[in-house]
Each structure stands twice: as structure tokens, then as C-alpha cells.
Amino acid sequence: MIRRTRPVVGAIALLAALTAGIAFPAGAAAGEPTGESAPKVDLVLDVSGSMRAKDIDGQSRMAAAKQAFNEVLDATPEEVQLGIRTLGADYPGDDRKEGCKDTAQLYPVGPLDRTEAKTAVATLVPTGWTPIGPALLQAADDLDGGDGSKRIVLISDGEDTCAPLDPCEVAREIAAKGIGLTIDTLGLVPNAKLSRQLSCIAEATGGTYTSIEHQDELTDRVNELVDRAAEPVVTPVAVEGADACERAPELRSGLYTDRQEFGQQRWYRVDLLAGQELRASVSVAADRAVRPDHGILIRAVTLHGREIVRGEATGNGRTDVVSTGLRHPKPELDDDSGKPAAETVCLGVTTSFSADAGVKTTPGLPLELTVDVVDGPDDASDVASFGLGRGWWLLGALVVTGFLAGLVWGWLSRWRVAVWRTN
């Protein structure tokens, strides 16, 4: 069974755009997919001594990883530049300082020679320590350069053994560099502490964590992640929200980034034609120490200030990103003019983050806003009815069922009482 955590929504793209200081006009459309450079993937494999354990389909973890790698190398798309990095593959001793340096590029990131890569993998023997943090830092350097997608796939069966270099902090450091790199993690042991560490690494860069128990699961998941690297990369557009709707930038369908001060409200505008539906989502990343209890609210209101619909979410400090969203369909024309009447929808984003004294509040927290204007459903009012959508049918069925059940139960109760009195 594969268990996946919910991917953090867009945190790495958000931090990348803001850290790089990309400037776009306020009314610009979101960036088009950028795929001029080839997508790059670095498979980072744990080759520490614990990989000798024989608990994956009757074979060792190392044997399962080798078999998975061979199948993945055969299926890697031609346009993907793939490399393989190891950790714990060379130093067998007890010197922790030396063991924490044990990471090497087994096959360089570049055009794939499948035979050469398979030969390199075949030579691996489980050996030493588990320097996850140092390996991630080196893997980020392996993928440096170019504007195509960059992805690290980390496969490990144990926790990092090179503290205090916390691999979760290393992942946050990589995200803050703004190089557009995503780290996905796969754990070969159903261990709670390992799961927490690998989940934290993945969440820091907008990646995913998967727990693996069988060899075919490992093959399928790595193949999926390599294929995902070949998908086009969308560059977010930087905008600056206003303090009022009438001064807000006009947005079209796309991905946008902004900065929001603690407790501040930011406004954006979207034009919606009759028969269209607005779908918007917002994520705010806590890129510094904040108090655990915080929240985010996004509202769609009219130009006159009447609220149409809202979405809200709260955080408890366990994740670095809080996200929410909303949907608003505009009904078809109400008159016979035949003109596609437009409605300006004001999107207001409010946060309730706070921090202890001494924590910098400027610049504001990184915010990512996704706007999607699509053709609306056949019956727009059904979608937006108090947020229930077509759930009204289920609610009605439950009410009728409950009513009938109550009548039957009441009749049975009265019948039993009558029988008891007669007897």
C-alpha cells in the first residue's frame, strides 16, 4: 500500500519567484510554460549498511532498489536528463566525520546512456552511513543551471545520521535559493520517525512523500516522478495587491505571487463573463518563525462590497504552508440584450499570522494565488448554493430518510407498548 501526504501547494515556485525578485507589470497574464532547457532529475539512493535487510518481497532493500532503477532507466523519456547520486556507498568505517562526507555522483546528470547507468547501479553494495543532508546539498548543485524543471528523488530506508545538519533545514535552504527545485522522498521502511523526516523534506520544496513496502510500488512511483519532471514548468507572475478593490491589479487565468504583511488584506480583480466560473486558490508560506495558531481567508465580493463566497483555513504550525480556495459561477444572461455582460469580482486575501518579538515582519510572507476562469456548469446556482453544490441532493435524501425512519420507529414503539399493556 502506498501512502501519500498532500502536496504542499506551490511553495517552491512561490519562494523561487519572490527570492529571485522577478518583476512583471501588475496586469500581466501568468507566465507561459517554460521548457527551453531539458528537464533534469537526480535520483539520490541510500546505500547505507541497513539496505542489506531482506524485507521487501523476500529480497534485500538494495536488490529491490537496483531492480526498480533498471526498469526506470528503461522507461525514462528521451528528453529527460537523468543522474544518479549515492549516499553511504563508499566509507565502511566508524569515523562519523568521514561517514558524513560519503556522497558521490554515480552517474552525472545529462543525456542518458542506459547501459552505462545500469552498469554503474549494478556495482553498488550497501556500505556505510546515511548522510541525507550533505547528499541533498550536493544533488542541488548537480541540477544547477537551466530554466527547465529540476527534481530530486530521494530513496532512503533510514534517518539522517549526520545531525546537527538537519536535512529538513537543508531542504528549506534549497527552497530559499529560488532555483525551482522539487524534492520527492520515498521511505523503504514504515517507520514513524523516518516518515516525519522525509515528509518534512518533501513539504519544504512542494514535493511528495511516499511510503514503499513492495518493489513494484517503488518502480511505479519513481517512474511517475521522472515522467512528471518532463511536464512543462509554469513561471508565476509577480503582482502587487492593493489595499482596496478599485485600485487592485486585474488578473487573468494564471499563477501569481505577492508578499503580504502580517494581518494585512490584499485585493485583486478578475473580470467574469456570463456563463463562466471563477476558481481561485491561495497559499501563504511561513518562511520565518511564526506563532502556531494562524489562518488565511479568501473572499469573492462585488464592487459594492457584497460578499459572494469565501474560503478559509487555519494552521497549527505543523506545516509551512496554509492554503484555501473558492468557486464562483456567474449565471447566464438574465436579459435579452444578447451581450456578454461582465462582472468584476474582487478577491480579498486576509491572513492572521503573528510572530514573537524580534522576528522580522518585512518583507511580508510569500503568497501564491492561482486564478482559473473556465466555462461554468449547466446550472451555476447549484454549484454555489451555500457551498454544498450537488450535495443538496444528498442532504435532502438524508432528511427524508431520517423522517421516514422516525415514523417507523415511533409506530414500532407504540405497537410494543400496546402489546405490553395487553399482556
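Here, the structure is the one placed above.
The shown structure was predicted, so the numbers you read here are calculated from the model rather than taken from an experiment.

Asker: Looking at this structure, how should I read the packing of helix H2 (residues 61-75) against helix H4 (residues 114-122)?
Answerer: When two helices pack together, their arrangement is given by the angle between the helix axes and the distance between those axes. The N-to-C vectors of H2 and H4 enclose an angle of 170°; their axes lie 10 Å apart at closest approach. Between H2 and H4, the interaxial angle falls into the category roughly antiparallel. Mapping the contact onto sequence places Lys66, Phe69, Asn70, Leu73, Asp74 and Ala75 in H2 and Arg114, Ala117, Lys118, Val121 and Ala122 in H4. Across the contact of H2 with H4, the residue classes tally to six nonpolar, one polar and four charged.

Asker: Even after reading the chapter, I still don't get the state of the cysteines, so can you show me in this structure?
Answerer: One pass over the structure, following the stated rule, counts three disulfides. The disulfide partner of Cys168 is Cys200, and the S-S distance across this bridge is 1.6 Å. The chirality of the disulfide connecting Cys168 with Cys200 is left-handed, given an S-S dihedral of about -50°. Within this pair, whereas Cys168 is found in helix H6 (residues 167-176), its partner Cys200 is found in helix H7 (residues 192-204), the two being separated by 32 residues in sequence. Judged by relative accessible area, Cys168 falls into the buried class, the value being 4%. Taking the relative accessible area as the measure of exposure, Cys200 reaches 22% and is therefore partly exposed. Between Cys245 and Cys346 runs a disulfide, and the two sulfur atoms are separated by 1.8 Å. When the S-S torsion is -75°, as for the bridge of Cys245 with Cys346, the disulfide is left-handed. Of the two residues, Cys245 sits in the loop between strand E10 (237-238) and strand E11 (250-251) while Cys346 sits in strand E18 (residues 342-351), which places them 101 residues apart along the sequence. Judged by its relative accessible area of 1%, Cys346 falls in the buried class.

Asker: Would you take a moment to explain the sheet that holds strand E16 (residues 307-315) for this structure?
Answerer: Consider a sheet: its strands pair through backbone hydrogen bonds, and that pairing is either parallel or antiparallel. An order of E11-E13-E18-E15-E16 is seen for the five strands of this open sheet, with the pairing classed as mixed. Lying at the two open borders of the sheet, with one neighbouring strand each, are E11 and E16. As defined by bridge partners, E11 adjoins strand E13 (residues 265-273) across two bridges and the pair is classed as parallel. Pairing of Glu250 across the sheet is with Arg269, part of E13.

Asker: Would you mind showing me how to read the environment of Val301 here?
Answerer: You can see Val301 is positioned in strand E15 (residues 294-301). Distance from Val301 to Arg269, taken between C-alpha atoms, is 9.8 Å for residues 32 residues apart in sequence. The residues touching Val301, leaving out its near neighbours within four places in the chain, are Trp267, Arg306, Glu307, Ile308, Thr344, Val345 and Cys346.

Asker: How should the sheet that holds strand E14 (residues 276-285) be read in this particular structure?
Answerer: Taken together, the five strands give an open sheet; going across it, the order is E10-E12-E19-E14-E17, and neighbouring strands pair in mixed fashion. Each edge of the open sheet carries a strand with a single partner, namely E10 and strand E17 (321-329). Alignment of E10 against strand E12 (residues 254-260), held across two bridges, turns out to be parallel. Its bridge partner being in E12, Ala238 is matched across the sheet by Thr257.

Asker: Please explain the packing of helix H5 (residues 132-142) against H6 as it appears in this structure.
Answerer: Where H5 meets H6, the closest approach of the two axes is 8 Å, and the angle between their N-to-C directions is 15°. Relative to H6, the element H5 is oriented roughly parallel. Seen along the crossing, H5 lies across H6 with a hand that is right-handed. Between H5, through Ile132, Gly133, Leu136, Leu137 and Ala140, and H6, the contact on the second element is made entirely by Pro167, Val170, Glu173 and Ile174.

Asker: Explain the pattern of salt bridges here, please?
Answerer: A pair can form between side chains of opposite charge whenever their charged atoms are brought close. All chains considered together, the criterion is met by 18 salt bridges. Among the ionic pairs, Lys101 bridges to Glu98, the shortest N-O distance being 3.7 Å. The partly exposed category is assigned to Glu98, whose relative accessible area is 35%. In this structure, Glu224 and Arg228 form a salt bridge, with 3.0 Å as the shortest nitrogen-oxygen distance. Residue Glu224 and its partner Arg228 are located together in helix H8 (residues 215-229), separated by four residues, close to a single helical turn. For Arg228, a relative accessible area of 27% corresponds to the partly exposed category.

Asker: Looking at this structure, I do not really get the nonpolar core. What am I missing?
Answerer: Proteins that are soluble and globular tend to have nonpolar side chains buried together. Of all hydrophobic cores here, the largest spans 31 residues; its most connected members are Leu43, Leu45, Ile155, Leu186, Leu218, Val222 and Val226. For this core, the elements supplying multiple residues, two or more each, are strand E3 (40-46), H2, strand E4 (81-87), H4, strand E6 (150-156) and H8. The contacts of Val222, once residues within four sequence positions are left out, are Leu43, Val72, Ile155 and Leu186. Counting 28 residues, the second largest nonpolar core, distinct from the first, contains Tyr256, Leu278, Val349 and Leu367.

Analysis parameters
- Residues numbered from 1 in each chain as written.
- Predicted model: local features only at pLDDT ≥ 70, side-chain atom pairs only at ≥ 80, totals over all residues.
- Heavy atoms only, no water.
- Axes fitted to C-alpha atoms, helices over the stretch in contact; angles between N-to-C directions.
- Helix = DSSP H or I, 4+ residues; strand = E, 2+ residues; numbered from the N terminus.
- Parallel < 35°, antiparallel > 145°, perpendicular 65-115°, else oblique.
- Contact = heavy atoms within 4.5 Å.
- Nonpolar A, V, L, I, M, F, W, Y, C, P; charged D, E, K, R; others polar.
- Disulfide = S-S within 2.5 Å.
- Buried < 20%, exposed > 50% of the residue type's maximum accessible area, 1.4 Å probe, protein only.
- Pairing = 2+ DSSP bridges.
- Left-handed = near helix turned anticlockwise from the far one by under 90°.
- Salt bridge = Lys/Arg side-chain N within 4 Å of Asp/Glu carboxyl O.
- Core = buried A, V, L, I, M, F, W, Y, C linked by side-chain atoms within 4.5 Å.

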